[in-house]
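Residue-level structural notes
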Amino acid sequence: MLELAAVNSGYGETQVLHGMSLTARAGRVMAILGRNGAGKSTTLKTIMGLLPRTAGDIRFEGQPIDRHPYEIAKRGIAYVPETRDIFPSLTVRENLELTAKRFGGGGWTMDRVLELFPRLGERMANGGTQLSGGEQQMLAIARALLMNPRLLILDEPTEGLAPIIVQLIHDKLQELKAEGLSMIIVEQNFGFATSLADDVVVVGKGQIVWEGSAAEIRADSDTQHRWLGV
Ligand SMILES: Nc1ncnc2c1ncn2[C@@H]1O[C@H](COP(=O)(O)OP(=O)(O)OP(=O)(O)O)[C@@H](O)[C@H]1O
Ligand SMILES: [Mg+2]
């Protein structure tokens, strides 16, 4: 579904990705793991056209993707960044409506995202800044779903959240997985990531250093220790 082949990218003079290659398959969940600064977020930003690629090839459903974030979103990839990027001056309703207006017209409607996250329904009139971290993450995911993606990409969806909210986000992503939505999840939370994922890749210094199944890495304490410091 999504293929990166020998991709280089970075920030100005600083090259961060060195021959990044990975394949995310349709109907599956892939976790991207790795230590701080390994290049996980850089990989996602490069996929989304937010950073210039200096070498290599990225294909979505067999077709090359160009470097325009809006076009990439229109093609069917929704991205929830680490920063969540809620519009703070807009209410929950406005945040959702804005996305529905730009990208709507698929199976995901306002009603359906509120069914998934009833909590947001109680917060419709609240501004983005009045939300808890967990509510902001729910809003960010709800907004991504309103784009009717075929691939949902999440950067550290559990970062800074209380355990009970982490569990809730886990259950909701599990529901989406059961419906067949393809996902790529970057996570520091090893248990969270490997319980959701089918496939796992580990990034070290801007390239893939390990790949296998979630079950394999759960049973492989050497790899966990060496590349993740778990
Ligand atoms: N805006 C930036 N400008 C310059 N260098 C950056 C920038 N953002 C990240 N880097 C560098 O790129 C490297 C990879 O960063 P990246 O954010 O991809 O790591 P990560 O794997 O997502 O780590 P974390 O788990 O901390 O989120 C790091 O060395 C980081 O310092
Ligand atoms: Mg990161």
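Residues numbered from 1 in each chain as written. Chains lettered and ligands numbered in written order. Predicted model: local features only at pLDDT ≥ 70, side-chain atom pairs only at ≥ 80, totals over all residues.

1. A few points about the overall build of the protein
Per the secondary structure count, the protein includes 10 helices and 10 strands. In terms of C-alpha radius of gyration, the protein reaches 17 Å, essentially the compact-globule figure of 17 Å for 230 residues. Oriented by its inertia axes, the alpha-carbon framework of the protein measures out at about 45 × 35 × 30 Å. The proportion of buried residues among the 230 residues of the protein is 37%. Sequence-distant contacts, at least 24 apart, represent 66% of the contacts inside the protein between residues at least 6 apart. (Helix = DSSP H or I, 4+ residues; strand = E, 2+ residues; numbered from the N terminus. Rg over C-alpha atoms; globule rule 2.2 N^0.38 Å. Buried ≥ 20, exposed ≤ 12 C-beta atoms within 10 Å, placed from the backbone. Contact = placed C-beta atoms within 7 Å.)

2. Side note on the site of ligand 1
Looking at ligand 1, the residues that line it are Tyr-11, Thr-14, Val-16, Gly-34, Asn-36, Gly-37, Ala-38, Gly-39, Lys-40, Ser-41, Thr-42 and Gln-188. Put simply, the parts of the chain that give the shell around ligand 1 at least two residues each are β2 (14-24) and α1 (40-47). Of the residues forming the shell around ligand 1, the biggest block, 3 residues, is contributed by α1. (Near = placed C-beta within 6 Å.)

3. Description of the environment of Arg-35
Inspection of the secondary structure assignment puts Arg-35 in the loop between β3 (29-33) and α1. C-alpha separation for the pair Arg-35 and Ala-215, spaced 180 residues apart in sequence, amounts to 20 Å. Filtering out sequence-adjacent residues up to four positions away, Arg-35 remains in contact with Leu-228 and Gly-229.

4. Quick word on the domain arrangement of the protein
Split into domains, the protein comes out as domain 1 (2-76 + 151-228) and domain 2 (85-149). Measuring from the centre of the C-alpha atoms in domain 1 to the corresponding centre in domain 2 gives 23 Å. Across the boundary between the two partners, domain 1 contributes 11 residues, which contact 8 residues of domain 2. Contributing elements (two or more residues each) for the side of domain 1 that touches domain 2: β7 (151-155) and α7 (163-178). Residues of the side of domain 1 that touches domain 2, tallied by class, amount to 8 nonpolar, 2 polar and 1 charged. (Domains from an automatic or database assignment. Nonpolar A, V, L, I, M, F, W, Y, C, P; charged D, E, K, R; others polar.)

5. Some remarks on the environment of Phe-60
You can see Phe-60 is positioned in strand β4 (residues 53-60). Phe-60 sits 13 residues away from Ile-47 along the chain, and the two C-alpha atoms are 9.6 Å apart. Non-local contacts of Phe-60, meaning those with residues more than four positions away in its chain, are made with Leu-2, Ile-65, Arg-75 and Ile-77.

6. Some details on the pairing of β2
Pairing analysis gives 7 bridges linking strand β1 (residues 2-11) to β2, with the strands arranged antiparallel. Within the sheet, the bridge partner assigned to Leu-2 lies in β2 and is Ala-24. The turn linking β1 back onto β2 is made up of 2 residues, and Gly-12 within it adopts a positive phi angle of 60°. (Pairing = 2+ DSSP bridges.)

7. Focus on α1
Two residues of an α-helix separated by three or four positions point the same way, owing to the 3.6 residues in each turn. Most of α1 is tucked away: 8 of the 8 residues are buried. Of the residues making up α1, those classed as buried are Lys-40, Ser-41, Thr-42, Thr-43, Leu-44, Lys-45, Thr-46 and Ile-47. Two residues or fewer after α1 comes Gly-49, characterised by a positive phi angle close to 75°.

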